Amino acid sequence: MNPLKWLGRRRASVLALLAVTTLVTPAAATAAPDAVRASTLGAQAAQSGRYFGTAVAAGRLGDGTYTGILDREFNSVTPENEMKWDTIERSRGSFNFGPGDQIANRAAARGQRLRGHTLVWHQQLPSWVSSIRDANTLRGVMNNHITQVMNHYKGKVYAWDVVNEAFADGGSGQMRSSVFRDVLGTGFIEEAFRSARSADPSAKLCYNDYNIENWSDAKTQGVYRMVRDFKARGVPIDCVGLQSHFGAGGPPSSFQTTLSNFAALGVDVQITELDIAQAPTAAYANTVRACMNVARCTGITVWGIRDSDSWHSGENPLLFDRNGNKKPAYQSTLTALGGSAAAQTGAPSPRSAAALPSSFRWSSSGALIAPKPDATHNIAGIKDPSVVHYNGKYHVFASTASSAGYNLVYLSFSDWSQAGSATHHYLDRTAIGAGYRAAPQVFYNTQQRLWYLVYQTGNASYSTNPDISNPNGWSAPRNFYSSMPDIIKQNIGNGYWVDMWVICDSANCYLFSSDDNGHLYRSRTTVGQFPNGFTNTVIAAQDSKFAMFEASNVYKVQGSNQYLLLVEAIGSDGRRYFRSWTASSLAGSWSPLAASESNPFAKSSNVTFPAGTWTRDISHGEMIRAGYDQTLTIPACKLQYLYQGKDPNAGGDYNNLPWRLGLLTQSNSTC
Ligand code: 9MR
C-alpha cells in the first residue's frame, strides 16, 4: 500500500535515477531457475510458454474416458470437423454454430485455448460453394463466411487456420486447383487473410498445410515464398501451421530447419495436426524437440486423443491407446517437453507436481467486505488484506484508511457469504496501538508456536499472539530493523518503504519490501534467529517505478519446488494490476510468468465480474493459502486471491478512496 504523503519525503539518490528495466538478482544473477517438472502435457508445455493441444470431436464429449484425458492433459483444443464450412454454412447464409459452440464453450470453461479450424478449404466444402463460377459471387461468399464465423467466435479463438491446404503436392510449388484458385485466382489467399484481420483483429491468422515439414520440398518452398511475400507486402499473417501427419519414420531431418526458417520470416509456427504411424517414441520426441528448439514454435496439437479417435486409427498413431492408457510415446513426448521422467507408462500420472500456468483468468466476486465505521473510527477504505484459513475460519487482517491515517482491523468468518456481516475489531484498541500501522501479513511460526502479524509503521514491524482468534492478544509493535537498510536509502528516491513480507524455507526467513520506486528488497535471517538478525539486504528484483510498484507477495507453490512472486504495478490506464514471476528458491532469480500488461497475473482485462464490474483496479491483496505457517504455501490449482478494488469513478484524496475487498477465483485452472 502506498500511504502517499504519510511517510514524508525520502532522500533521492543517484542510483534511483538510473533507468532500470530488467529484473536482476545481484546475489544470484547467473543462477537459472530449476525447471519445474509437471506430470501432464499441457502443464509441462506451459512451463516454456507453449500449449499442448488435441483435436476434439463433439460427438465424443459424452465419453468420460475421453473427456478425462482431454481435461487432464491438454490446454488447447482444435475442433476436428465442427468449424468446417460443410458444418457451419451447409446452405448459403444459414449458419449452424451448434457443434462448434459445444467445443468452444467447453474449452472456455476449462481455460483451454481454442484453435479455429478452418475457414477456407477446398474439402468439406458444400457443393453450393464449389459450383460457383462467378468471381464476384464467390468473393462475396468467401468473405461473408470468414466474417460471420470469426465474428461469432470473436474473443474465443486464439488462432484461426484461415486458409487450409491451398498448395499442390509434388514438384510444382504452386497452388493447387480449387474453386477458390480457379475462380478468384491465386490472390484469394491474400483476400481471405485481409478479411480475417478486419473481422477479428485480435486472433492470430495462420496458413495451415501438410507436407511442408521437409525444407527442400517444392511445396514447402512454395508456402515459404508466399509467407515471405505476405510479410514483405504487409498482408496480415501471424502463423504457419505445419500439420505434421508423419509416417513411422517421424519428422524429416530438416524439420527444425523448416520451423526456424518460417519463424525467421516473423511468424509463429505451430505443429497443428501431429500424428505418427505406430507412434514410435523417438519420432514423437524428435518432433517435440524440434519445436522446443525454436522460440517461435508456440504449440503442438495432436490430431486426436486415443488411437481409436484417429482419422487413421489403423495406424495407432496417437499418444493414448484405445483404453485411454498412456503409450510409450506419451512418456517420450512429456520428457521432450521437459517434463518428469518419473511418470509411469500406462499408469495414471501423479498430480502432485502440478505447476502454475503461464497465463491466468479469474472470476471476481462482488465487493465482499466494506468498512464498518463506528463512533471513533470514521473509515473510508478497507485495504491490504492478509488472510489465513485456520480452525474452520477465515481470519482476515486489513488496513483501515481515512483522512486521519492508517491502522489495522481484524475479522473472522467461516464462509465468504458471511464476510460482509463479520464484526470488525479495530486493532488500535489493542497493544498494537494507535498511529501509523498498515499492510498486515499474518502467519503462524511453527517453531515458536506463535502467530506473527507483520506490518509497516515507517519501519518494518511485527506483533505476536498465541491465539489468532483473540484480537486483544497481540503484543506491542517491535521493529525488524534498527533503521532503514542503507541499500534502501540509496535507491528509494521519492518513494515510500512499504509492504513488508516474511516467508521462510526450512533454513532461512526472508523479509521482502517495496519502495514505490521500482525495487523489491530482500533481507535474510535464519529460521532459528527469526525475528532477529535480518541483514544482507539486497535488491531482489527491479524494474521501472510503475512496473514494480508495491504490494509484493512471495509464496511457495505446493507440490513443486517453485516460488511465486507477485508485484502490483500501475498500468498504462492508471489502474492497478499484478505481475508474476517464479523462481526455484527464495533467493533465486525471478523469471517472468505472467508478467506483462497484455499477459498479466491479474488485471481487469483477465478478470470477469459475473456480479457486476465494481472495480477496474486489482490491487494489494493476498492468495488464499493451502496452509497457514511461515512457508506461505499456496495450492497450484484453483487459486483464489483476496484483493482490494474500488469504484472506478471514485477520486480525490488517496487516503479517502473507497477501497473494498473482493475475491478472485481462478477460472483457467487445468488441475
Ligand atoms: O480428422 C478429420 C476427419 O475426421 C475428417 O473426416 C477429414 C475430412 O477431410 O478431415 C480430417 O481432418 C483433416 C484436417 O481438417 C485437415 N488436415 C488433414 C486432416 C486429416 O485428414
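Everything below is about the structure printed above this text.
Presented here is a report on the structure given in the accompanying data block. Treat the numbers as computed from the prediction; the structure is a model and nothing was measured.

## Brief notes about helix α9 (residues 188–199)
Right, so step 1: Compared with an ideal rise of 1.5 Å per residue, which puts twelve residues at 16 Å, α9 spans 16 Å between its outermost C-alpha atoms and is within 8% of the ideal.
Right, so step 2: Of the positions making up α9, those classed as buried are F188, I189, E190, A192, F193, S195, A196 and A199.
Right, so step 3: The inward-facing, buried residues of α9 contact β3 (113–121), α7 (135–152), β4 (159–164), α8 (179–184), β5 (204–209) and α10 (218–233).

## Examining the environment of R579
Right, so step 1: You can see R579 is positioned in strand β25 (residues 576–583).
Right, so step 2: The exposure class of R579 is buried, given its relative accessible area of 11%.
Right, so step 3: Setting aside anything within four residues of it in sequence, one finds R579 in contact with D543, A547, M548, L565, L566, V567, A569, A594, A595 and F601.
Right, so step 4: In terms of polar contacts, R579 uses its side chain to reach the side chain of D543, at 3.1 Å.

## Re the sheet that holds strand β26 (residues 591–592)
Across a sheet, paired strands are connected by hydrogen bonds in the backbone, their directions being either parallel or antiparallel.
Right, so step 1: Spatial ordering of the open sheet is given by β26-β25-β24-β23-β29, a layout of five strands whose pairing is mixed. Only two strands of the sheet have a single partner each, and these edge strands are β26 and β29 (633–634).
Right, so step 2: Both strand β23 (residues 550–557) and strand β24 (residues 563–570) contribute to a ladder of five bridges, which runs antiparallel. Looking at the pairing, V554 lines up with L565 of β24.

## Structural notes on the packing of helix α12 (residues 281–292) against helix α13 (residues 328–336)
Right, so step 1: Close contact between α12 and α13 brings their axes to 8 Å; oriented N to C, the two are set at 25°. Comparing the axis directions of α12 and α13 gives the class roughly parallel. The chirality of how α12 crosses α13 is right-handed. On α13, the residues that touch T281, Y284, A285, V288, R289 and M292 of α12 are P328, A329, S332, T333 and A336.
Right, so step 2: Split by residue class, the contact of α12 with α13 holds seven nonpolar, three polar and one charged.

## Regarding the site of the ligand
Right, so step 1: The immediate surroundings of the ligand are formed by 14 residues, with E80, K84, H117, E165 and E273 found nearest.
Right, so step 2: E165 is positioned with one of its side-chain polar atoms (N or O) 2.8 Å from a nitrogen atom of the ligand.
Right, so step 3: With respect to the ligand, the side chain of W303 contributes an N or O atom lying 2.8 Å from an oxygen atom.
Right, so step 4: About the coverage of the ligand: the protein hides 77% of its 450 Å² of free accessible area.
Right, so step 5: For the shell around the ligand, a count of residues per class yields three nonpolar, seven polar and four charged.

## Observations concerning the nonpolar core
Right, so step 1: Counting 94 residues, the largest nonpolar core has W160, V163, F180, F188, I189, F193 and Y207 as the members making the most contacts within it.
Right, so step 2: By size, the runner-up hydrophobic cluster in this structure holds 64 residues, among which are F443, Y521, F534 and F601.

## Some words on the state of the cysteines
Disulfides are covalent bonds that link the sulfur atoms of two cysteine residues.
Right, so step 1: Following the criterion strictly, the structure yields three disulfides and no others.
Right, so step 2: With a sulfur-sulfur separation of 2.0 Å, C291 is cross-linked through a disulfide to C297. Its torsion about the S-S bond being -100°, the disulfide of C291 and C297 is classed as left-handed. Neither residue differs from the other here; C291 and C297 are each classed as buried.
Right, so step 3: With a sulfur-sulfur separation of 2.2 Å, C504 is cross-linked through a disulfide to C509. Judged by the torsion about the S-S bond (100°), the C504/C509 disulfide is right-handed.
Right, so step 4: The exposure class assigned to C509 is buried, which follows from its relative accessible area of 1%.

## A closer look at α10
Side chains three or four residues apart in an α-helix point the same way, a direct result of the helix having 3.6 residues per turn.
Right, so step 1: For α10, built from 16 residues, the straight-helix expectation of 22 Å at 1.5 Å per residue is met to within 8% by its first-to-last C-alpha distance of 22 Å.
Right, so step 2: Of the residues making up α10, those classed as buried are K219, T220, G222, V223, Y224, M226, V227 and F230.
Right, so step 3: Of the surrounding secondary structure, the elements contacted by the buried residues of α10 are α9, β5, β6 (239–242) and α11 (255–263).
Right, so step 4: Two residues or fewer after α10 comes G234, characterised by a positive phi angle close to 75°.

## Structural notes on empty space enclosed by the protein
Left-over empty space is what a probe sized like a water molecule reveals as it rolls over the atoms.
Right, so step 1: Inspection of the entire model under this criterion finds two cavities of 30 Å³ or more.
Right, so step 2: Approximately 50 Å³ is the volume attributed to the largest cavity.
Right, so step 3: Those elements that place two or more of their residues in the lining of the largest cavity are β15 (438–445), β19 (498–504) and β23.
Right, so step 4: For the lining of the largest cavity, a count of residues per class yields five nonpolar, four polar and one charged.
Right, so step 5: Roughly 40 Å³ of internal volume is contained in the second largest cavity.
Right, so step 6: For the second largest cavity, the full set of lining residues is V120, W121, H122, V163, N164, E165, A166, R176, S178, F180 and F188.

## Structural notes on the sheet that holds strand β11 (residues 381–390)
Right, so step 1: As summarised here, the arrangement of the four strands in space is β11-β12-β13-β14, forming an open sheet in which the pairing is antiparallel. The outermost strands of the open sheet, each flanked by one partner alone, are β11 and β14 (425–426).
Right, so step 2: Pairing of β11 with strand β12 (residues 393–402), which is carried by eight bridges, proceeds in the antiparallel orientation. Residue pairing for β12: I382 is matched across the bridge by T400.

Calculation rules
Residues numbered from 1 in each chain as written. Predicted model: local features only at pLDDT ≥ 70, side-chain atom pairs only at ≥ 80, totals over all residues. Heavy atoms only, no water. Helix = DSSP H or I, 4+ residues; strand = E, 2+ residues; numbered from the N terminus. Expected span 1.5 Å × (residues − 1). Buried < 20%, exposed > 50% of the residue type's maximum accessible area, 1.4 Å probe, protein only. Contact = heavy atoms within 4.5 Å. Polar contact = N/O pair within 3.5 Å; in protein donor to acceptor, adjacent residues only side chain to side chain. Pairing = 2+ DSSP bridges. Axes fitted to C-alpha atoms, helices over the stretch in contact; angles between N-to-C directions. Parallel < 35°, antiparallel > 145°, perpendicular 65-115°, else oblique. Left-handed = near helix turned anticlockwise from the far one by under 90°. Nonpolar A, V, L, I, M, F, W, Y, C, P; charged D, E, K, R; others polar. Near = heavy atom within 4 Å. Areas by Shrake-Rupley, 256 points an atom, 1.4 Å probe, with all protein chains shown as cover. Core = buried A, V, L, I, M, F, W, Y, C linked by side-chain atoms within 4.5 Å. Disulfide = S-S within 2.5 Å. 1 Å grid on protein atoms, 1.4 Å probe; cavity = no way out; pocket = protein on both sides within 12 Å on 5 of 7 lines; lining within 4 Å. Points joined across faces, edges and corners; volume = space filled by probe spheres on them.

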